[in-house]
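Given next are the chains, with one letter for each unit.
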Amino acid sequence: MSMFDISERAEKYRAQLLEFMDSHVYPAEAVYDEQMRAAGDPHFQPPILEELKAEAQRRGLWNLFHPYPEWGPGLTNLEYAPLAEIMGRSHLAPEACNCNAPDTGNMEVFTLFGTDEHKEKYLKPLLAGTIRSAFAMTEPAVASSDATNVELSMMRDGDEYVLNGRKWFASNALHPNCTVLIVMGKTDPDAAPHRQQSMMVVPIDAPGVTVMRGLPVFGYQDREGHAEIDFRNVRVPLKDVLKGEGEGFAISQARLGPGRIHHCMRAIGMAERALELMCRRASTRITFGKPIAANANIQDWIAEARIDIEMIRLLTLKAAYLMDTVGNKEARTEIAAIKVAAPNIALKIVDRAIQVHGGAGVTDDFPLAMAWAHLRTLRLADGPDEVHKRTLARQELRKYRDVKADS
């Protein structure tokens, strides 16, 4: 029996999710586009998405990501991975099933480190899908790929902290239902490098919090927004420090491991859909008297895409399996590897699908251009490729630290 065999309960969810995608999600994409165009507001919450959410809840396809049975179905990373891949095939599906980033990571943070008040005020509404949240870590003035660079000041003042600084790429902060931010900043510049930062819960309407703008991603203004946010003398009570002062890095590691699995599996879903679209287009379009699919280079692209997808899927499932069995820390090599491999390979497949579609591929008549923009961004999100490659190289070199140079 393979260690990657899908469990009976996960197979049940998988079958239900596939049917939901075919019967509701894919048909809703055109309706979504029409409603967004009619609204003229890139951050509008279209009615069709609310209908999808209601249907997903009715079917029990809700909060599938949550690993704790008290709050969700309690699936393992390995069980959830194929479901995340299916949802990755459409930009509507993750939110429709309440499995969208960054809410998934924030919900896990509230589950693991939130107080009873945080769970009542934020976790339960997030799980119900009635509010949204954002994660504010990246800063415009420093290279945030090295989290020790984070500069937003969190100065203790009696029973409160006072926050000053600026964040950007706080995804979800322009969602009309966004209510709360989880903010990472520096509480003690003199502590050890990985004990200087803390995370705090900050209502988005707190005095001194100003959402400056939404940042475009390759020209796309994503509906949930990637916000630049200014914090000016924002006061946060001690009770809203998560886990304790100096625990920011520990929280981020707990948050980012599962999040990277989710991102990578969704990327594989995008790659699968791009391959499907490429095959359909190549089979039906005629150039120089024959279908595009008859060209040897197109057949090479299709064959390579299938090989590459199978490879990154197996690598991602291995990472999920190790996270479930030995823990996130012990799986860090595989987690770093998939975070590099999955977006890069999916990006290559989407790019080739765009090429096969010709001019149509760069329009929004097909989901390829938007998928390309998201995947290219994913090579930076949750740590750029270079940081993960550095982790991998260090792990490999550690095996040889005691090897003496040849004389």
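Counting from 1, residues in each chain are numbered in the order their sequence is written. Selection of residues for local features in this predicted model requires a pLDDT of at least 70, selection of side-chain atom pairs for listing and counting requires 80 or more, and totals for whole chains, interfaces and linings are taken over all residues. Remark: hydrogens and water are excluded; side-chain values derive from all non-hydrogen atoms of the structure.

As annotated in an unreviewed UniProt entry, the protein chain carries the name Acyl-CoA dehydrogenase family protein and is attributed to Nocardia africana. The Subunit (unreviewed entry) field of the UniProt record for the protein chain holds the comment "Homodimer." UniProt positions are given in the numbering used here, feature names are shortened, and annotations may be inferred rather than shown by experiment.

Student: Just to check I follow, could you spell out the UniProt feature "domain: Acyl-CoA dehydrogenase/oxidase C-terminal" (unreviewed entry) in the protein chain for this structure?
Tutor: On the UniProt side, "domain: Acyl-CoA dehydrogenase/oxidase C-terminal" (unreviewed entry) is annotated at positions that read residues 246–395 here. Secondary structure follows DSSP: runs of H or I at least 4 residues long count as helices, runs of E at least 2 residues long count as strands, and numbering of each begins at the N terminus. Taken end to end, residues 246–395 comprises 77% helix and 3% strand; its first and last C-alpha atoms sit 26 Å apart.

Student: I tried to follow the environment of threonine 111 on my own but got confused; where do I start?
Tutor: With respect to the secondary-structure elements, threonine 111 resides in helix H5 (residues 103–113). The class for threonine 111 is buried, based on a relative accessible area of 10%. In this structure, the C-alpha to C-alpha distance between threonine 111 and histidine 66, residues 45 residues apart in sequence, is 9.5 Å. Sequence-distant contacts of threonine 111, defined by excluding residues within four places in its chain, comprise His66, Tyr68, Trp71, Lys119 and Leu123. Any pair of nitrogen or oxygen atoms within 3.5 Å is treated as a polar contact; in protein, a donor-acceptor pairing is required on top of that, and neighbouring residues in sequence qualify only through side-chain atoms on both sides. Among the polar contacts listed, one links the side chain of threonine 111 to the side chain of histidine 66, at a separation of 2.9 Å. Exposed residues in this analysis have more than 50% of their type's maximum accessible area, buried residues have under 20%, and partly exposed residues fall in between, with area computed by a 1.4 Å probe over protein chains only. In this analysis, two residues are considered to be in contact whenever any of their non-hydrogen atoms come within 4.5 Å of each other.

Student: Where do I start with the pattern of salt bridges in this structure?
Tutor: Two side chains with opposite charge may pair up if their charged atoms get near one another. One speaks of a salt bridge when a side-chain nitrogen belonging to Lys or Arg is within 4 Å of a carboxyl oxygen belonging to Asp or Glu. Inspection of the entire model under this criterion finds 34 salt bridges. Across the pair glutamate 310 and arginine 313 runs a salt bridge whose closest N-O atoms are separated by 3.1 Å. Residue glutamate 310 and its partner arginine 313 are located together in helix H8 (residues 296–325), separated by 3 residues, close to a single helical turn. Of the residues examined, glutamate 310 reaches a relative accessible area of 34% and is grouped as partly exposed. For arginine 313, a relative accessible area of 15% translates into the label buried. The residue glutamate 396 makes a salt bridge to lysine 399 at a minimum N-O spacing of 3.1 Å. Taking the relative accessible area as the measure of exposure, glutamate 396 reaches 38% and is therefore partly exposed. Taking relative accessible area as the criterion, lysine 399 reaches 56% and is therefore assigned exposed. Salt bridges sharing partners connect three or more residues here, namely Glu85, Glu272, Arg306, Glu310 and Arg313.

Student: Looking at this structure, I do not really get the UniProt feature "domain: Acyl-CoA dehydrogenase/oxidase N-terminal" (unreviewed entry) in the protein chain. What am I missing?
Tutor: Feature annotation in UniProt assigns "domain: Acyl-CoA dehydrogenase/oxidase N-terminal" (unreviewed entry) to the following positions: residues 8–129. The span residues 8–129 is 69% helical and 0% strand by assignment, and the distance between its end C-alpha atoms comes to 27 Å.

Student: Explain the nonpolar core here, please?
Tutor: For soluble globular proteins, the rule of thumb is that nonpolar side chains tend to be buried together. Counting residues in each nonpolar core, the largest one holds 89 residues, and the members touching the most others are Tyr80 and Met87. A per-element tally of this core places helix H7 (residues 248–284) first, with 13 residues. Other than its neighbours up to four places away in sequence, methionine 87 contacts Leu17, Leu64, Tyr80, Ala93, Pro94, Cys97 and Cys99. Counting 22 residues, the second largest nonpolar core, distinct from the first, contains Ala136, Val202, Phe231 and Val234. The term nonpolar core refers to a set of buried residues drawn from Ala, Val, Leu, Ile, Met, Phe, Trp, Tyr and Cys, joined through side-chain atoms within 4.5 Å.

Student: Sorry if this is basic, but what is going on with the packing of H5 against helix H6 (residues 116–128) here?
Tutor: In a packed pair of helices, the relevant descriptors are the angle between the two axes and the axis-to-axis distance. Contact pair H5 / H6: the axes reach a minimum separation of 10 Å and the direction vectors enclose 145°. Two packed elements cross with a definite hand, and for H5 against H6 that hand is left-handed. Judged by residue contacts, Asp103, Met107, Phe110 and Thr111 of H5 engage His118, Lys119, Tyr122, Leu123, Leu126 and Leu127 from H6. To define axes, lines are fitted to C-alpha atoms, for helices over the stretch in contact only, and angles between the resulting N-to-C directions are given on a 0 to 180 degree scale. Each crossing gets its handedness from the near helix: less than a right angle anticlockwise from the far helix is left-handed, clockwise is right-handed.

Student: Hey, could you run me through a positive patch on the surface in this one?
Tutor: In this scheme, patches are assembled from residues that exceed 30% relative accessible area and form no salt bridge. Like charges are connected within 9 Å, while nonpolar side chains (Val, Leu, Ile, Met, Phe, Trp, Tyr) are connected within 5 Å. Note on areas: Shrake-Rupley, 1.4 Å probe, and residue coverage restricted to the protein chains presented here. Just so you know, the count uses Lys and Arg for positive and Asp and Glu for negative, and it drops His and the chain ends. Here the site of a charge means NZ on Lys, CZ on Arg, CG on Asp, or CD on Glu. There is a patch of like positive charges on the surface, built from Lys329, Arg332, Arg390, Arg394, Arg398 and Arg401. Looking at the positive patch element by element, the count peaks at 3 residues for helix H11 (residues 385–398). Here arginine 394 shows up in helix H11.

Student: Looking at this structure, I do not really get H11. What am I missing?
Tutor: Count 3.6 residues to each turn of an α-helix, and residues three or four apart come out pointing the same way. Helix length check: H11 (14 residues) gives 20 Å between terminal C-alpha atoms against 20 Å at 1.5 Å per residue, within 8%. Along H11, the positions that sit buried rather than exposed are Asp385, His388 and Gln395. The buried residues of H11 occupy one face: seen down the axis, they fall within an arc of 100°. Across from the buried face of H11, at angles greater than 90 degrees, the exposed residues are Glu386 and Leu397. Those residues of H11 that are buried lie in contact with H7 and helix H9 (332–357). Multiplying one less than the number of residues by 1.5 Å gives the expected span of a helix. Picture the helix axis, draw a direction to every C-beta atom, and the arc is the one those directions span.

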